[in-house]
Amino acid sequence: MSRNLVIVESPAKAKTIEKYLGKDFQVFASYGHVRDLVPKEGAVNPDDDFAMRYELIERNEKHVQTIAKAAKLADVLFLATDPDREGEAISWHIYEILKQRKLLESKPVHRVVFHEITKRAVTEAIEHPKALSTDLINAQQARRALDYLVGFKLSPLLWKKIRRGLSAGRVQSPALRMIVERELEIEQFITREYWSIDAESIAEEQAFRARLTHLDGKKLEQFSITTEDQAHKAQRELVSTAGGKLTVTQVEEKERKRNPAAPFTTSTLQQEASRKLGFTTRRTMTVAQQLYEGIDVGGETVGLISYMRTDSVTLANEAVAELRELIATRYGDGFVPDKPPQYKTKSKNAQEAHEAVRPTSAFRVPEQIKSHLSPDQFKLYSLIWKRAVASQMIHATINTVAVDLACGEQERGIFRANGSTVTHPGFMSVYQEGKDDGAPEDEEGYLPKLTQGQVVKLIEIATSQHFTEPPPRYTEASLVKTLEEYGIGRPSTYASIISTLQQRKYAELESKRFRPTDVGRIVNKFLTEHFTRYVDYNFTAHLEDDLDAVSRGEKNWIPLLREFWGPFIALIEDKDESVKRADVTHEELDEVCPDCGSKLSIRLGRNGRFVGCTNYPECKYTRNLNDDGPQTPPEVVDGRVCPKCEAPLVIKTGRYGKFIGCSGYPGCKHIEPLEKPEDTGVECPECKNGSLTKRKSRFGKLFYSCSTYPACTYAIWNPPLNEPCPNCAWPLLTLKVTKRRGAEKVCPRKECGYITPYEGELPTGSTDGGA
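Undergrad: What should I look at first to understand the side chain of Gln289 in this one?
TA: Checked against the element boundaries, Gln289 lands in helix H9 (residues 281-293). What makes Gln289 buried here is its relative accessible area of 18%. With near-sequence residues (within four places) excluded, Gln289 lies in contact with Asp82, Met308 and Arg309.

And the structure:
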C-alpha cells in the first residue's frame, strides 16, 4: 500500500479533502506561502538574469518541518494548492524546499488542480494529475520580482524626497492616482443651476406626473431653464394656456427584454457584496475563502462555492444542467430559456480561464443550510447562489409606455410621462444587479390606460430647482470596477491594493468613500510628475498583459524584466540627483508673508498640509491651509481659566478638530473637549459609579462611554436604553438602527445575542448603525 502525501495551503481545506480521500492519504497544510524574497537589498539581482534569493517565512517554518517529515515517509507527493499563479508558486516553493533537502529522490511528484472542493472534483483531480506549470511559476516570479524592484528602489526615494515610511507599488500607485484625480475633479467642479417643470394630472382616478420636454416648439435641454424667474414665467404661461386640462397627442408602447447578469467573477462579487451587503473587499474574500474551503452542513463537510479568484463568466456544462433542473423544479418550466445563456468576460485582460464563482450544488438552497452558516457566510452564499441561478433563467419581459400630452390647442408645451409594467419577471424573481452612483435609474411607476386624443384633468404644474453635482468619490465597489475596466490588477490583488492604500494612510474611507489624504496627494503628485510612465493606466495594463502572456508561455520573463528595469533604474538615479525635497513638498503661492514679506507656500507637515513662509526658519509664520488670510489669535473661552495653572483657556484646532486648551502651552498641556459630553442618564453597567455619556471619537464617530473614564473604560457604539436584557439580565440594552432591519433593541454582550424589534419613537440623533 503506497503512502500518499497531499499538500494544500490551509488547514480548513486540508480537513475537508482528507475526509474525501480516505486513510491512504495524508493531507497537510502549508498555511499559505512558505518562502519569500529576502527582505533586503539584493534579493533580486538584475545583473544575474534577475536571480532571486528566497528564505523561509519564519511563522511557517514549523509547518514546513511537518511537511518535510511526512515527505520523508511518503511514496507519492500531490501538490494541491489553489488553481492560479499564486497557488502554483506555493506548490513550486514546497517542491524546491523538499528537493533541496533531498526528500524527493525517485518519488513521483504530481500537481493536482480542482476548482471546487467536492468529493467528485477532488477524486477526479487525484486520478488525473499534471506536472507543475513552468509558465505559471515564471509569471508569478516575474510579478514578485517587479514588485520587489519597484518597492526597494522607489520607496527609499519617497523617503528622501517626502517622508520616511512611505511606499510606492506597481499597482497601488495607479489606484492612488485614480482616487486623487477624482478628488481634483470634485474640487474643480463648478455647480450649475437648472430647473424642470412637471405636470400632475389624473385619469381613471389615478394621478400621474409628466415632465415638460418642449416649450414654444423647442425641445428643452438640461440648461434651457436656468433661473427661478424663467421657470415661474413658463409655469404661469402654461397654466394659463392649459385651462385645467392636457390632451394626449401620442401613446408609444414597447415590449422590452431585460437579460440577467452573468455569474460572478471575483471583481463583480466584490462589487455586489459592497453594494448589497456593505462588505469590504477583504471581508468578501475572507468569507468566500471559508465557503470554498468547506463547511460542515450537517454531518458532511463540503466546499459550498467554486474557486473565488477568477475572471471567467463561464459555467461547466454539468453546473448549467443542474441549475436548469433546479429552475424548472423550483420556479416552473416557464422560467427556463430554450438555450442556456452565453456570457463573455468584460475584463480587459482575463487571467487563466476558470469557472465563474458558483454554488457547488444548485440544490443546496441557502435557507436549507442557514443554520450551519455564520451570518456573513449565509449572506454571501445567498448572493452567489441567487446570481448563479438568475444567470441561467429566462429574460424579464417589461412593457414600457411613453405618453405625450399637449398643453393648449397650439401645443404651447408638451409633457412626457413614462411608465412600465413587468409582464414576466423571469430572472428578476430571484435577483437584480445593484447599481453604482450615477447609473441611470430605470423608469418606474404605472400609468393609467391612455389613448390618443384623450383629455385628462390637470391638477397642477410645478417647478423644481436642481443643481449639477460633481462625480462621486470612489467606493470600494466602483474602484474595483474601474481598476478592472482599465485592466489594472488581477482577482487576487484587488483587496490588497485597497488595504495598502489605507494602511499607508494615502486614502481614507469617509462614509464608505475614498478621500485622498494630504500625504497621498503629495505622493501622487511626485509620481505623476516624475514617474509619469509608471503610473500611467495603459502602461500598467500593458504590463499586466505581458505578465499574462508569460503565464501562457507566449513570452520569456527575463527579457520582459530587462525591458522594464533599464529605463526604470536610470530614472530613479536621475530623480535622486535632480529633484529637491522642497520641489515635492512645497507648492509656492502667489501670496506674500504678512510678517516678513517673503513668498508663502503650501507645505507638508506632520498633521497634513499647511501654509508657511518660505523664509523658514528665520520667519515662523504659518496658518491652516483652508484659512483665507493671516492667522487670527485663538478665541478665549469667556469666564474660564485653566484648572492646572489658571491661565486663560482658548479654543484651538488640532488634527481631529477643535478643542479647548491652555493658553500657557507648551508649559501647561491641559486640554478638554469643546463640547461637554451629553449625559444619557443610563448607569454604567460595569462600575455602577458613573453614567454613560455621548462622545465623539477622533474619527467623528459617536460612541457612549462611562463618565468616570479613565477609571472605568466601558464603552459601546449604539445608544443605551435604560432597561435590562430579558435574556441575560445585563442592566441595559442598546438601540441599533440599520437600513435593512430598521430599529432593534440589542444586548451589547455579543455572547448573549438578544435582538428584538424596537417599537417606540426613535430618540433624536439615532442614525444608521450598520449594514
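Undergrad: How should the confidence of the model for the protein be read in this particular structure?
TA: Detailed reading of the predicted coordinates is not advisable wherever pLDDT falls low. For the protein, the average pLDDT comes to 89, and 94% of its residues sit at 70 or higher. Long-range and interchain partners of residues 767-771, a stretch whose pLDDT sits below 50, account for 15 contacts in this model, where long-range means more than four residues apart.

Undergrad: Any chance you could explain helix H10 (residues 317-331) here in plain terms?
TA: Side chains that are three or four residues apart share a direction in an α-helix, a result of its 3.6 residues per turn. In a regular helix each residue adds 1.5 Å, so 15 residues correspond to 21 Å; H10 covers 21 Å between its end C-alpha atoms and thus fits that length. Residues of H10 that are buried: Ala319, Val320, Leu323, Arg324, Leu326 and Ile327. All buried residues of H10 lie within an arc of 160° about the axis, which places them on one face of the element. Counted as exposed and oriented over 90 degrees from the buried face of H10: Asn317, Glu318 and Thr329. Looking at the buried positions of H10, the neighbouring elements they touch are helix H12 (375-391). With its phi angle positive at about 110°, Gly332 sits one or two positions after the end of H10.

Undergrad: Would you mind showing me how to read the sheet that holds strand E2 (residues 25-29) here?
TA: Strand order in the open sheet made by the four strands is E2-E1-E7-E8, with parallel pairing throughout. A strand with exactly one partner marks an edge of an open sheet, and here the two such strands are E2 and strand E8 (109-111). In this sheet, adjacent strand axes meet at a mean angle of 20° when their direction is disregarded. Strands in contact with helix H1 (residues 11-21) are strand E1 (4-8) and E2; relative to E2, the strand with the most contacts, it is inclined by about 170°.

Undergrad: Explain the sheet that holds strand E22 (residues 608-613) here, please?
TA: The strands making up a sheet are joined through hydrogen bonds of the backbone, oriented either antiparallel or parallel. Taken together, the four strands give an open sheet; going across it, the order is E20-E21-E22-E23, and neighbouring strands pair in antiparallel fashion. Unpaired on one side and paired on the other, strand E20 (587-592) and strand E23 (622-624) mark the two borders of the sheet. Between one strand and the next, the sheet's axes are offset by a mean angle of 35°, whatever the strand orientation. By the bridge criterion, six bridges tie strand E21 (residues 599-605) to E22 in an arrangement that is antiparallel. Counted as the bridge partner of Arg603 is Phe610 from E22. Across the sheet, helix H15 (residues 518-530) is in contact with E21 and E22; its angle to E22 comes to roughly 75°.

Undergrad: Is there a simple way to explain the pattern of salt bridges in this structure?
TA: As a working rule, side chains carrying opposite charge can pair if their charged atoms are close by. Tallied over the entire structure, the rule returns 46 salt bridges. Notably, a salt bridge pairs Arg170 with Asp147, separated by 2.8 Å at the nearest N-O pair. Of the two residues, Arg170 is situated in the loop between helix H5 (134-161) and helix H6 (172-188) and Asp147 in helix H5; the sequence distance between them amounts to 23 residues. With a relative accessible area of 8%, Arg170 lands in the buried category. With relative accessibility at 35%, the residue Asp147 sits in the partly exposed group. In this structure, the salt-bridge partner of Arg623 is Glu591, at a minimum N-O distance of 2.9 Å. Of this pair, Arg623 sits in strand E23 while Glu591 sits in strand E20, and the two are 32 residues apart along the sequence. For Arg623, a relative accessible area of 5% corresponds to the buried category. Judged by relative accessible area, which is 28%, Glu591 ranks as partly exposed.

Undergrad: Sorry, what's going on with the state of the cysteines here?
TA: Linking two cysteines covalently via their sulfur atoms produces the bond known as a disulfide. Summed over all chains, the structure comprises zero disulfides. In this structure Cys752 is a free cysteine whose sulfur lies 3.7 Å from that of Cys725, the closest cysteine sulfur available. By relative accessible area, which is 18% here, Cys752 ends up buried.

Undergrad: What exactly am I supposed to notice about the packing of helix H8 (residues 266-277) against H9 here?
TA: Helix packing for two helices is described by the angle between their axes and how far apart those axes are. Running from N to C, H8 and H9 cross one another at 115°; their axes reach a closest spacing of 9 Å. In this structure, the crossing between H8 and H9 has a hand that is right-handed. Along its contact with H8, which presents Thr266, Leu269, Gln270 and Ala273, the element H9 presents Thr281, Thr284 and Met285. In the contact of H8 with H9, the residues fall into three nonpolar, four polar and no charged.

Undergrad: Which parts of the structure should I look at to understand the environment of Pro129?
TA: Topologically, Pro129 is positioned in the loop between helix H4 (119-127) and H5. With 28 residues separating them along the chain, Pro129 and Arg101 place their C-alpha atoms 24 Å apart. If sequence neighbours within four positions are ignored, Pro129 has contacts with His110, Arg111 and Val112.

Undergrad: In this structure, what is going on with the side chain of Arg521? I would like to understand it.
TA: Considering the arrangement of structural elements, one finds Arg521 in helix H15. We classify Arg521 as buried; its relative accessible area is 15%. Beyond its immediate sequence surroundings of up to four residues, Arg521 is in contact with Val180, Glu183, Leu184, Glu187, Pro516 and Arg609.

Undergrad: I'm lost on the pairing of strand E30 (residues 702-706) in this one. Help?
TA: For a regular strand, the rule is simple: side chains alternate between the two faces of the sheet. For E30, a buried count of four out of five residues is recorded, marking the element as mostly surrounded by other parts of the structure. Relative to E30, strand E29 (residues 691-696) runs antiparallel, the two being bridged by five bridges. By the bridge assignment, Lys694 is partnered in E30 with Tyr704. Sheet analysis places E30 next to strand E31 (residues 715-716), joined by two bridges and oriented antiparallel. Bridge pairing links Ser705 to Ala715 in E31.

Conventions adopted
Residues numbered from 1 in each chain as written. Predicted model: local features only at pLDDT ≥ 70, side-chain atom pairs only at ≥ 80, totals over all residues. Heavy atoms only, no water. Helix = DSSP H or I, 4+ residues; strand = E, 2+ residues; numbered from the N terminus. Buried < 20%, exposed > 50% of the residue type's maximum accessible area, 1.4 Å probe, protein only. Contact = heavy atoms within 4.5 Å. pLDDT = per-residue confidence, 0-100. Expected span 1.5 Å × (residues − 1). Arc of directions from axis to C-beta. Pairing = 2+ DSSP bridges. Axes fitted to C-alpha atoms, helices over the stretch in contact; angles between N-to-C directions. Salt bridge = Lys/Arg side-chain N within 4 Å of Asp/Glu carboxyl O. Disulfide = S-S within 2.5 Å. Left-handed = near helix turned anticlockwise from the far one by under 90°. Nonpolar A, V, L, I, M, F, W, Y, C, P; charged D, E, K, R; others polar.

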